[in-house]
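Chain residues, written in single-letter form:
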Amino acid sequence: MGLPALEFSDCCLDSPHFRETLKSHEAELDKTNKFIKELIKDGKSLVSALKNLSSAKRKFADSLNEFKFQCIGDAETDDEMCIARSLQEFATVLRNLEDERIRMIENASEVLITPLEKFRKEQIGAAKEAKKKYDKETEKYCGILEKHLNLSSKKKESQLQEADSQVDLVRQHFYEVSLEYVFKVQEVQERKMFEFVEPLLAFLQGLFTFYHHGYELAKDFNDFKTQLTISIQNTRNRFEGTRSEVESLMKKMKENPLEHKTISPYTMEGYLYVQEKRHFGTSWVKHYCTYQRDSKQITMVPFDQKSGGKGGEDESVTLKSCTRRKTDSIEKRFCFDVEAVDRPGVITMQALSEEDRRLWMEAMDGREPVYNSNKDSQSEGTAQLDSIGFSIIRKCIHAVETRGINEQGLYRIVGVNSRVQKLLSILMDPKTASETETDICAEWEIKTITSALKTYLRMLPGPLMMYQFQRSFIKAAKLENQESRVSEIHSLVHRLPEKNRQMLQLLMNHLANVANNHKQNLMTVANLGVVFGPTLLRPQEETVAAIMDIKFQNIVIEILIENHEKIFNTVPDAPLTNAQLHLSRKKSSDSKPPSCSERPLTLFHTMQSTEKQEQRNSLIDSSLESVVSSNANSILNSSSSLQPNMNSSDPDLDVLKPTRPNSLTPFRKAKALYACKAEHDSELSFTAGTVFDNVHPSQEPGWLEGTLNGKTGLIPENYVEFL
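- An unreviewed UniProt entry lists the protein chain under the name Rho GTPase-activating protein 26, from Tursiops truncatus.
- Under the UniProt heading Subunit (unreviewed entry), the entry covering the protein chain gives this text: "Interacts with NYAP1, NYAP2 and MYO16. Interacts with MICAL1 and WDR44. Binds to the C-terminus of PTK2/FAK1."

1. Brief notes about the overall build of the protein chain
Right, on to step 1. Tallying secondary structure elements over the protein chain gives 25 helices and twelve strands in all.
Right, on to step 2. Per-residue burial for the protein chain yields a buried fraction of 50% across its 723 residues.
Right, on to step 3. Across the protein chain, the fraction of contacts at a sequence separation of at least 24, relative to all contacts at a separation of at least 6, is 71%.
Right, on to step 4. In the form shown here, the protein chain has an accessible surface area of approximately 35,500 Å², with 49% of it arising from carbon and sulfur atoms.

2. Section: the packing of helix α19 (residues 525–536) against helix α21 (residues 550–562)
A packed helix pair is summarised by two numbers, namely the angle formed by the two axes and the spacing between the axes.
Right, on to step 1. The interhelical angle for the contact between α19 and α21, taken along N-to-C directions, is 115 degrees, at an axis separation of 7 Å. Crossing of α19 over α21 shows right-handed handedness. Contacts from Val525, Ala526, Leu528, Gly529, Val530, Phe532, Gly533, Pro534 and Leu536 of α19 reach α21 at Ile550, Gln553, Asn554, Ile557, Glu558, Ile561 and Glu562.
Right, on to step 2. Its residues assigned to classes, the contact of α19 with α21 comprises ten nonpolar, four polar and two charged.

3. Remarks on the pattern of salt bridges
Right, on to step 1. Applying the stated criterion across every chain, the model contains 31 salt bridges.
Right, on to step 2. For glutamate 28, the salt bridge goes to lysine 31, with nearest N and O atoms at 4.0 Å. Highlighted residues: glutamate 28 and lysine 31, both in helix α2 (residues 16–48), separated by three residues, approximately one helical turn.
Right, on to step 3. According to the relative accessible area criterion, glutamate 28 is buried, its value standing at 5%.
Right, on to step 4. Under the relative-accessibility criterion, lysine 31 is labelled partly exposed at 39%.

4. Section: the sheet that holds strand β10 (residues 703–708)
Right, on to step 1. One open sheet accounts for five strands, arranged β11-β10-β9-β8-β12; its pairing is antiparallel. Looking at the sheet topology across the chains shown, the edges are occupied by β11 (711–716) and β12 (720–722). The average undirected angle you get between the axes of adjacent strands in this sheet is 40 degrees.
Right, on to step 2. Pairing between strand β8 (residues 668–672) and strand β9 (residues 691–697): three bridges, direction antiparallel. Considered in β9, the bridge of alanine 670 is made with phenylalanine 692.

5. Re helix α11 (residues 387–403)
Right, on to step 1. With 17 residues, α11 extends 24 Å between its outermost C-alpha atoms, agreeing within 8% with the 24 Å of an ideal straight helix rising 1.5 Å per residue.
Right, on to step 2. For α11, the full list of buried residues reads Gly389, Phe390, Ser391, Ile392, Ile393, Lys395, Cys396, Ile397, Ala399, Val400 and Glu401.

6. A short note on the confidence of the model for the protein chain
Right, on to step 1. Here the protein chain shows a mean pLDDT of 77. Residues at 70 or above account for 80%.
Right, on to step 2. Taken element by element, the predicted model of the protein chain shows its lowest mean pLDDT in helix α25 (residues 632–638) (36) and its highest in helix α17 (residues 498–516) (94).
Right, on to step 3. Across residues 368–381 the pLDDT falls below 50, and counting only partners more than four positions away or on other chains, this stretch makes 13 contacts in the model.
Right, on to step 4. Contacts for the low-pLDDT stretch residues 576–666, under 50 throughout, to residues beyond four places or in other chains number 163 contacts.

7. Some remarks on the pairing of β9
Where a strand is regular, its side chains alternate between the two sheet faces.
Right, on to step 1. Strand direction decides the pairing type here: β9 and β10, joined by three bridges, are antiparallel. The residue bridging proline 697 from the neighbouring strand is leucine 704, located in β10.

8. Digging into the environment of asparagine 527
Right, on to step 1. In this fold, asparagine 527 is placed in helix α19.
Right, on to step 2. A distance of 3.1 Å separates a polar atom in the side chain of asparagine 527 from the backbone oxygen of leucine 522.

9. A closer look at the environment of valine 514
Right, on to step 1. Following the sequence through the fold, valine 514 ends up in helix α17.
Right, on to step 2. The buried category is assigned to valine 514, whose relative accessible area is 0%.
Right, on to step 3. Here the alpha-carbon distance between valine 514 and glycine 404, two residues 110 residues apart in the chain, equals 9.7 Å.
Right, on to step 4. The residues contacting valine 514, other than those within four sequence positions of it, are Ile405, Leu410, Tyr411, Asn521, Met523 and Leu528.

About the thresholds
- Residues numbered from 1 in each chain as written.
- Predicted model: local features only at pLDDT ≥ 70, side-chain atom pairs only at ≥ 80, totals over all residues.
- Heavy atoms only, no water.
- UniProt positions renumbered as here; feature names shortened; annotations may be inferred.
- Helix = DSSP H or I, 4+ residues; strand = E, 2+ residues; numbered from the N terminus.
- Buried < 20%, exposed > 50% of the residue type's maximum accessible area, 1.4 Å probe, protein only.
- Contact = heavy atoms within 4.5 Å.
- Areas by Shrake-Rupley, 256 points an atom, 1.4 Å probe, with all protein chains shown as cover.
- Axes fitted to C-alpha atoms, helices over the stretch in contact; angles between N-to-C directions.
- Left-handed = near helix turned anticlockwise from the far one by under 90°.
- Nonpolar A, V, L, I, M, F, W, Y, C, P; charged D, E, K, R; others polar.
- Salt bridge = Lys/Arg side-chain N within 4 Å of Asp/Glu carboxyl O.
- Pairing = 2+ DSSP bridges.
- Expected span 1.5 Å × (residues − 1).
- pLDDT = per-residue confidence, 0-100.
- Polar contact = N/O pair within 3.5 Å; in protein donor to acceptor, adjacent residues only side chain to side chain.

Right under this line is the structure:
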């Protein structure tokens, strides 16, 4: 189980659970810091002590083998699993090198020591400085708060108001420091996935270059190196996309924290001071309290934020009544009395402010008026899955497929917002929508039409694939086996309401057409998943954990596009049991040739985007533009030669299938479109752009046979194009 996500909304509550979660992240950072220091020490020994090379390399390999990555979230992508096991792979390579007694090491300091020291000093060091500042502000805030709450209510009103203002300023500053610290911890945890592993990969590559005797070992390692390079780049690309989302959420929380509170199972929760009678008098003990209106259950947990530990046992009582305490009846401010069914006497509690007391009184049905602060954040758009909605989507699809299917950056490039809104207002006009035979005029740009389609889908009352199924789709994408992922998503799609499924089928058929023309428009299945994942599977609540699941949303869309014929035109099988799923996984890994969805995503080099979209509807597209567009030329040169059938009579319903030659000329040259890792000895491993000799049909369906570097083996047919 990975580390739980740190939610910005918890910074305001500063609950015991939040503190425990923060501690686990701090412990992981300390562990990583210690490991990097040890790794750097071992690396220097490896460079300087050539006579003791054997023992030094053994220790270095053992250190790598013992360290385990902890990823954020409850599941890992294939890329993250590849990166997580990379250290163990590195350790195996180093042990094999020890057997060969290779003694030459060059440039180890530049490619290994310096990047690790830089990461430890700049990233982990910055996180430690942020922690010191956070601990200092915690102590300062708690001290001032306690001092403020001990002020006598008999002081002058001006003095009390001045004290209230001072506490508010300190509280706001503490909240901002808390948000910044959580953001930094989250960032370092994500960065280490690539900034930590990449130097190690470079160091190993240097060893292969300078050691002649390691040539055979380097050949064996080359396949995993290719897979890891792609995984690191994909992880980096996802980080660039999610980081802007997390930073945007943090800014929203700073501007208005009350509008972004996490949905809580409790009616009210927070810190209260509870009056306790002792032999020497009375004392006020700080508790973290929760209240559930349905059961009338109050739970009190004595907790000190400064020490970070509990001060006693939890206590739960059932509420009988709640009464506001008059100011002249007690020395303390913001007090109220609670009577319990299962506890004699009155429990006097002190809230943190007048507003806080009002909220507690409201939750417990006290004397103060009930005020419902919940806000309906649902979009107020009038978009619906009715005849008008289907007409709009069909018109947009028809316009794209008839005059814009080959435009580069289709669906990625955003239209001008004012033009998009104007087009939507025309399309959503009942008079215009009823004219089913009228196409969208040629005066409208393709980027305006594609933006209108995406905007209309976002204007629906809920996402097309529905809030209640969002977690199920994400879980399906996290399954280990590709066949199980497709089967589960197939079943979930057929649980959607009829109109949602019809609209989804219409859209997926269209996106398959777009992907089939990726040689011209540069929009591969993976790129379309990046664009449409957050639109069709947007979460009900905007949290850090939800942002981290964007990568799995994209995988769901990829599977829907690649398997749209099966998913929408066939009835799903009965759900498999766990034993059947395990057997299916075993059979799949033994016999199934790799499919398009199982290959790694296309390798891109990220490019920083300098544009900012003014409207919120284009935020997702602009934040992901750098990931999709950065390596456009390489996609154009290495994309598939499959061409769509553009003569379909109904472009909204027809599915474009890649054309496959009826016969193959023997012994031709072919070039790889994608990277592939061999799963059996009879198969070839290769990277995108590799050229094969003597390519000819194989007896295995879906496979070709070819020669690479003197070795003959099997090649997936849909991974190459003939020269």
